[in-house]
Amino acid sequence: MNPDPDCIFCKIIAGEIPCFKLYEDKATFAFMDINPANEGHALVIPREHAADVHAVSAEAIAATVVTAKKIATAVERTVKPDGLNLLQCNGPAAAQSVLHFHMHVLPRFDNDELKLNWGLQPGDMDAIGALAERIRANL
Ligand code: 5GP
Ligand code: ZN
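Our subject in this report is the structure included herewith. Predicted, not measured: the structure shown is a model, and the values here were computed from it.

### Notes on the coordination of the zinc ion (ligand 2)
Right, on to step 1. Every protein donor of the zinc ion (ligand 2) is accounted for by Cys7 (SG), Cys10 (SG), His49 (ND1) and His100 (ND1), and the metal-donor separations fall at 2.1 to 2.3 Å.
Right, on to step 2. What the 4 donor atoms of the zinc ion (ligand 2) show is an angle range of 106 to 117° at the metal, which sorts the shape as tetrahedral.
Right, on to step 3. All donor residues of the zinc ion (ligand 2) come from one chain, and their arrangement in sequence is C-x2-C-x38-H-x50-H. Of this pair, Cys7 sits in the segment before helix 1 (8-14) while His49 is found in the loop between strand 3 (42-46) and helix 2 (58-79), placing the two residues 42 residues apart along the sequence.

### Describing the site of ligand 1
Right, on to step 1. The local shell around ligand 1 holds 17 residues, among which Asp33, Asn35, Ala95, Ser97 and His104 are the closest.
Right, on to step 2. Note that an oxygen atom of ligand 1 is positioned 2.4 Å from one of the side-chain N or O atoms of Asp33.
Right, on to step 3. Ala95 is positioned such that a nitrogen or oxygen atom in its backbone is 2.7 Å from an oxygen atom of ligand 1.
Right, on to step 4. Surface burial for ligand 1 is 92%, taken as the share of its 520 Å² of free accessible area covered by protein chains.
Right, on to step 5. When atoms are counted within 2 Å of each cavity's grid points, the one that captures over half of ligand 1 is the largest pocket.
Right, on to step 6. Only helix 1 and strand 2 (28-32) provide two or more residues apiece to the shell around ligand 1.
Right, on to step 7. It is helix 1 that provides the largest number of residues to the shell around ligand 1, a total of 3 residues.
Right, on to step 8. Within the shell around ligand 1, the residues separate by chemical class into 11 nonpolar, 5 polar and 1 charged.

### Some remarks on the packing of aromatic side chains
Right, on to step 1. Scanning the entire structure with this criterion turns up 2 aromatic pairs.
Right, on to step 2. Look at Phe9 and Phe31: their rings are 5.4 Å apart centre to centre, the planes differ by 80°, and that puts the pair in the edge-to-face class. Of this pair, Phe9 sits in helix 1 while Phe31 is found in strand 2, placing the two residues 22 residues apart along the sequence. In terms of burial, Phe9 and Phe31 fall into one category: buried.
Right, on to step 3. Ring pairs connect the aromatic residues Phe9, Phe29 and Phe31, which therefore count as one cluster.

### So, the pattern of salt bridges
Right, on to step 1. Taken as a whole, this structure holds 3 salt bridges when the rule is applied.
Right, on to step 2. Of the charged contacts in the structure, one is a salt bridge between Glu24 and Lys21, with a shortest N-O distance of 2.4 Å.
Right, on to step 3. Look at Lys21 and you get partly exposed, because its relative accessible area is 34%.
Right, on to step 4. Residues joined by salt bridges that share partners form a network here, namely Lys21, Glu24 and Arg47.

### Let's talk about the environment of Ile128
Right, on to step 1. Counting through the fold element by element, Ile128 comes out in helix 3 (residues 125-137).
Right, on to step 2. A relative accessible area of 6% means that Ile128 is categorised as buried.
Right, on to step 3. In the structure, Ile128 is positioned 93 residues away from Asn35 in sequence and 9.5 Å away in space, judged by C-alpha atoms.
Right, on to step 4. The contact partners of Ile128, leaving out residues within four places of it in the chain, are Phe20, Met32, Asp33, Ile34, Pro36 and Gly123.

What counts as what
- Residues numbered from 1 in each chain as written.
- Chains lettered and ligands numbered in written order.
- Predicted model: local features only at pLDDT ≥ 70, side-chain atom pairs only at ≥ 80, totals over all residues.
- Heavy atoms only, no water.
- Donors = N, O, S within 2.8 Å, 3.2 Å for Na, K, Ca; no water.
- Tetrahedral: all angles 85-135°; square planar, octahedral: opposite > 155°, others 65-115°.
- Helix = DSSP H or I, 4+ residues; strand = E, 2+ residues; numbered from the N terminus.
- Near = heavy atom within 4 Å.
- Polar contact = N/O pair within 3.5 Å; in protein donor to acceptor, adjacent residues only side chain to side chain.
- Areas by Shrake-Rupley, 256 points an atom, 1.4 Å probe, with all protein chains shown as cover.
- 1 Å grid on protein atoms, 1.4 Å probe; cavity = no way out; pocket = protein on both sides within 12 Å on 5 of 7 lines; lining within 4 Å.
- Sits in = over half its atoms within 2 Å of the grid points.
- Nonpolar A, V, L, I, M, F, W, Y, C, P; charged D, E, K, R; others polar.
- Phe/Tyr/Trp six-rings, centres within 6.5 Å; stacked < 30°, edge-to-face > 60°.
- Buried < 20%, exposed > 50% of the residue type's maximum accessible area, 1.4 Å probe, protein only.
- Salt bridge = Lys/Arg side-chain N within 4 Å of Asp/Glu carboxyl O.
- Contact = heavy atoms within 4.5 Å.

What follows is the structure, encoded as structure tokens:
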């Protein structure tokens, strides 16, 4: 594709940075967020490097949404949240921190008080890895 050597998500796709991978296909890649806003927080990205919704191609965003639906269903089966947001952020005011288009698969729980611009808090890697295994089993 068109990897950006300075992009953390391109490095994850290339296997240069480890991740808890959930799924990949020819156009997309899905993995656990290591700063989960809630249990089961996952990310879905196109292989194509594009900064945001304005730059991503129609083909790549379409493939990403299809994979996000697949991951959302597996997360729903695994974590059994009360709700789930599919969320995508663009620009600093929307708290976009990684400039490679991505969709958050974000489980929601009653009264979780989650704000849209949540602060990043490192998660427990053992717990995230174990949960990734359970979500993969539900794909
Ligand atoms: P944004 O704020 O740009 O919408 O979301 C970027 C997300 O990427 C954040 O939720 C953040 O926790 C996640 N993230 C940043 N760096 C890494 C990383 O190295 N590995 C993983 N798995 N997630 C990351
Ligand atoms: Zn990238």
